[in-house]
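The lines below spell out each chain.
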Amino acid sequence: MRVGYFAFGIICFSCSFYFLSHDCSRWLPNANPRSHIGSDVSKEDVYITVKTCAEFHQSRVPLILMTWWESLRQQVYFFTDEEDGRLRALLGDHLIATECGKSHAKFDLCCKFGHEFDYFLESGKKWWCHLDDDNYVNADVLLAVLREYDWNSPLYIGKRSRNFDQTHRFRGESVTYRFATGGAGICVTRKMGRLVSPWMMAGKFTETCRALGQPDDVTFGFIVTNRVKMNITTREEFNSHQQLLPELPTDTLLSQAILSYSNKTRRRRKNVIQIPEQFARFSVREDPSRLMSYHCWRYPDTDWCPARKM
Ligand code: UDP
Ligand code: MN
């Protein structure tokens, strides 16, 4: 330790001595360390995929397009199961009409998720974030979360909705694993992408799903936590409707990275976020998901936001 300080002192001394005539910066440790390990990540480094389907092209997708899409339009790609002229005109090559089956069957969902993954690998981006079409994204919060981490290490960020591990059979063996819920959003670094690709790339993901007998987010968790043996990095800012959304504290709503909604009731309440009365610009009937009201609370100057509650 002492030798280290001594050496450092000598370097500093020589640098100050020759300061005016020499460039000593290459001898010194970085004098201005980065405040965040991932500060070299901007939104251009994130590849965002939204899983959708023909059934929701005229309901959930327009809600995304009128709200959070504006802040991330260059980063977002929609993966669906049917060509759509209107969406194509708006989104161009940011709409991917896969050949995946149109059912809600788990292996059709896996087919789409596998495509999302392949496109991410192809994109060369540092991060991949997968979303469902009933998610709202706060671009700045999501980015701030990602910047807390080293994009150059293998990471799988999200939130679990079940606190117990899963045990299933996979190709004749009993396997135990855990997963982050796809509907809360999951983010993965390129390094992790490389590690999971033997079970995922070019159609292999659907095979892995079939062998495990589980849907896409569950199978992805299996690959990461059981095959690759890495853990989930849990973030409270990722929210799905597997949790009780009305219980999200009001004062934390604007600092959530990802929100969600559901038409179903849980514990006899609609499972949606609660917008404080004074900020709710739309009634529950006009805005059942609450996401229009949320967006207007966050961005009150948006042209379609009414000046006050109707
Ligand atoms: N989804 C799909 N094909 C279907 C039904 C749903 O791709 O046939 C997508 C949907 O667009 C959403 C996700 O799967 O992104 C989850 O669907 P949903 O929210 O309806 O169900 P959940 O699993 O959340 O209850
Ligand atoms: Mn959903």
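Above this text sits the structure in question.
Residues numbered from 1 in each chain as written. Chains lettered and ligands numbered in written order. Predicted model: local features only at pLDDT ≥ 70, side-chain atom pairs only at ≥ 80, totals over all residues.

Caption draft 1: The arrangement of the overall build of the protein chain in detail. Counting its secondary structure elements, the protein chain contains ten helices and 13 strands. The long-range share in the protein chain, meaning contacts at least 24 apart out of those at least 6 apart in sequence, stands at 68%. (Helix = DSSP H or I, 4+ residues; strand = E, 2+ residues; numbered from the N terminus. Contact = placed C-beta atoms within 7 Å.)

Caption draft 2: Examining unusual backbone geometry more closely. The phi dihedral of Arg268 is positive, around 60°, even though this residue is not glycine. Among the structural elements, Arg268 can be located in the loop between β12 (265-266) and β13 (269-270). A count of 5 C-beta atoms within 10 Å places Arg268 in the exposed class. The backbone of Arg290 shows a phi angle near 75°, a positive value even though the residue is not glycine. If you trace the backbone, Arg290 turns up in the loop between β13 and α10 (291-298). (Buried ≥ 20, exposed ≤ 12 C-beta atoms within 10 Å, placed from the backbone.)

Caption draft 3: Geometry of the pairing of strand β4 (residues 127-132). By the criterion of burial, β4 is predominantly enclosed, with six of the six residues buried. Every second residue of β4 is oriented toward a common face, with Trp127, Cys129 and Leu131 on one face and Trp128, His130 and Asp132 on the other, all of them buried. With six bridges connecting them, strand β1 (residues 46-51) and β4 associate as parallel partners. Note on β4: the bridge partner recorded for Val50 is Leu131. The pairing of β4 with strand β9 (residues 186-189) spans four bridges and is classified as antiparallel. Bridging from a neighbouring strand, Trp127 pairs with Thr189 of β9. (Pairing = 2+ DSSP bridges.)

Caption draft 4: Layout of the packing of helix α8 (residues 204-212) against helix α9 (residues 216-227). Running from N to C, α8 and α9 cross one another at 90°; their axes reach a closest spacing of 10 Å. For the element pair α8 / α9, the angle class is roughly perpendicular. Counting all contacts with α8, which are made through Thr208, Cys209 and Leu212, the residues of α9 involved are Asp216, Thr219, Phe222 and Ile223. (Axes fitted to C-alpha atoms, helices over the stretch in contact; angles between N-to-C directions. Parallel < 35°, antiparallel > 145°, perpendicular 65-115°, else oblique.)

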